[in-house]
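Observations on the three-dimensional arrangement
These are the residues of each chain, in order.
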Amino acid sequence: MQKTSFCFRFGHRLPCSMSDSNTTEFTNPSTFILLGIPGLEAAHIWLSIPFCTMYTTAILGNFTILFIVKMEASLHVPMYYFLCMLAVTDLVLSMCTLPKMLSIFWFNSREINFSACLTQMYFIHCFTVMESGIFVAMALDRYVAICHPLRHSTILTNPLVAKIGLAVVLRGGMLVLPFPFLVRRWPYCRTNIIPHTHCEHIYVVTLACANIRVNSYYGLFVLFGGNGLDMFFIAMSYIHILRAIFSLPTKEARLKTFGTCVSHLCAILAFYIPGLFSSLTYRFGQNVALHFRVLIANVYLLVPPMLNPIIYGVRTKQIWGRLLLLFTHKGT
């Protein structure tokens, strides 16, 4: 009976393979059980192959970006400092989600300590907000470089870049800080089974035996006050950038200038589109299969860290050239 209640609570029939001890009544569990991708348990091993590939690519790619920028003195400029911040953020996002997910897929290790679950939740949402803030900083860099090219070095000085980076970190840390405290305060008396691969805030708090309206409202505040506001600032910066580009005298100059923004635009689309889709499918797509919603949530967290170093590595001549030089020297 309790399992049926749990299934209806999420609007889907979940696997009932877990033991009765996992669904007996209790308050504030010491551990949660992560199901992985509900409904696709038989395919977990096969799903681990693309996820493991994405994880390996993200780790190698972002460490490569950090190494190249550190070694190449000509890349010690604001654009590449922001790119390094993005690489560090992507590394943390990958490392706080993929290892546990792969342990579920490979070893059926589904248990996660209550405090560890809250810590994972905090890091996921904190660094997601940070990544969004870094995209705003990169948009600012593109705006200054294109609209005020002669003053770029005097406007975006190293101290200002450091202050922007600190502001991005503090905003992400403070904005998400209430999440674990709000989650910890509720009693959990129905089940400790989370139908997900990681401790997503809304999936955890939905298990609480209490009115979680404050969590829902604060989650929307973080969504719109964080990512929503960032998208607005990015859009405004690109309106000015496009105006400056279209005012250039020749088509070649317009294409060349716009080409400097392509990497940033591709990274923005790879980050915001899956995130927006994931939020919409959870809040308004109750008829969407649960396993599809979980997959989209994982795409949102895993694909950008994998794609960002590829996008910037291929599109940025300085990074691509330094990488080729590195391998050429190793070959000789």
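Provided above is the structure to which this section pertains.
Remember, predicted model here, so these are calculated numbers, not experimental data. (Residues numbered from 1 in each chain as written. Predicted model: local features only at pLDDT ≥ 70, side-chain atom pairs only at ≥ 80, totals over all residues. Heavy atoms only, no water.)

1. What to know about the packing of helix α3 (residues 78-95) against helix α5 (residues 114-147)
- The N-to-C vectors of α3 and α5 enclose an angle of 165°; their axes lie 9 Å apart at closest approach. Between α3 and α5, the angle falls in the class roughly antiparallel. Crossing of α3 over α5 shows left-handed handedness. Seen from α3, the contacting residues are P78, M79, F82, L83, M85, L86, T89, D90, V92 and L93; seen from α5, they are F123, I124, F127, T128, M130, E131, I134, F135, A137, M138, D141 and R142.
- Among the residues forming the contact of α3 with α5, the class breakdown is 16 nonpolar, two polar and four charged. (Axes fitted to C-alpha atoms, helices over the stretch in contact; angles between N-to-C directions. Helix = DSSP H or I, 4+ residues; strand = E, 2+ residues; numbered from the N terminus. Parallel < 35°, antiparallel > 145°, perpendicular 65-115°, else oblique. Left-handed = near helix turned anticlockwise from the far one by under 90°. Contact = heavy atoms within 4.5 Å. Nonpolar A, V, L, I, M, F, W, Y, C, P; charged D, E, K, R; others polar.)

2. Quick notes on a nonpolar patch on the surface
- A grouping of I45, W46, I49, W106 and F107 is seen on the molecular surface, where their side chains present a nonpolar patch of about 640 Å² in accessible area.
- Of all the elements in the fold, those that place two or more residues in the nonpolar patch are α2 (44-71) and α4 (98-107).
- In this fold, W46 is placed in helix α2. (Patch = residues over 30% accessible without salt bridge, like charges linked within 9 Å, V, L, I, M, F, W, Y side chains within 5 Å. Areas by Shrake-Rupley, 256 points an atom, 1.4 Å probe, with all protein chains shown as cover. Salt bridge = Lys/Arg side-chain N within 4 Å of Asp/Glu carboxyl O.)

3. Comments concerning the state of the cysteines
- Taken as a whole, this structure holds two disulfides when the rule is applied.
- With its sulfur 2.0 Å from that of its partner, C117 forms a disulfide with C199. Handedness of the C117-C199 disulfide follows from its S-S torsion of about -120°: it is left-handed. Of this pair, C117 sits in helix α5 while C199 sits in the loop between β3 (193-194) and α9 (201-205), and the two are 82 residues apart along the sequence.
- Given a relative accessible area of 0%, C199 falls into the buried group.
- Between the sulfur atoms of C189 and its disulfide partner C209 the distance amounts to 2.0 Å. Classification of the bridge connecting C189 and C209 rests on its S-S torsion, roughly -125°, and on that basis the disulfide is left-handed. (Disulfide = S-S within 2.5 Å. Buried < 20%, exposed > 50% of the residue type's maximum accessible area, 1.4 Å probe, protein only.)

4. Observations regarding the sheet that holds β3
- What the three strands build is an open sheet, ordered β2-β1-β3; its pairing is mixed. Looking at strand neighbours, the two that pair on one side only are β2 (111-113) and β3, the edges of this open sheet.
- Pairing of strand β1 (residues 31-34) with β2 involves three bridges; the strand directions are antiparallel. What sits directly across from I33, in β2, is E111.
- Along the sheet, α5 makes contact with β1, β2 and β3, crossing β2 at roughly 85°. (Pairing = 2+ DSSP bridges.)

5. Here we look at the pairing of β1
- Across two bridges, the pairing between β1 and β3 is parallel. Its bridge partner being in β3, L34 is matched across the sheet by I194.

6. Quick notes on the side chain of K100
- As for its placement among the helices and strands, K100 is situated in helix α4.
- Buried within the structure, K100 lacks any salt-bridge partner; its nearest side chain of opposite charge belongs to E111, at an N-O separation of 7.8 Å. (Lys, Arg positive; Asp, Glu negative; His and termini not counted.)

7. Let's talk about the packing of aromatic side chains
- If you walk through the whole model with that rule in mind, you get 15 aromatic pairs.
- Residues Y122 and F123 carry aromatic rings whose centres are separated by 6.0 Å and whose planes lie at 85° to one another, so their mutual orientation is edge-to-face.
- By way of ring pairs, the aromatic residues F135, F271, Y272 and Y300 are connected into one cluster. (Phe/Tyr/Trp six-rings, centres within 6.5 Å; stacked < 30°, edge-to-face > 60°.)

8. Quick notes on the environment of N211
- As for its position among the elements, N211 is in the loop between α9 and α10 (213-246).
- A polar contact of 3.0 Å, which involves the side chain of N211, links it to the backbone nitrogen of R213. (Polar contact = N/O pair within 3.5 Å; in protein donor to acceptor, adjacent residues only side chain to side chain.)

9. Examining the packing of α3 against helix α7 (residues 158-176)
- Between α3 and α7, whose axes approach to 10 Å, the crossing angle comes to 25°. Considering their axes alone, α3 and α7 lie roughly parallel with respect to each other. Of the two elements, α3 crosses α7, and the hand of that crossing is right-handed. Of α7, the residues touching α3 (which contributes P78, Y81, F82 and M85) are N158, V161, I164 and G165.

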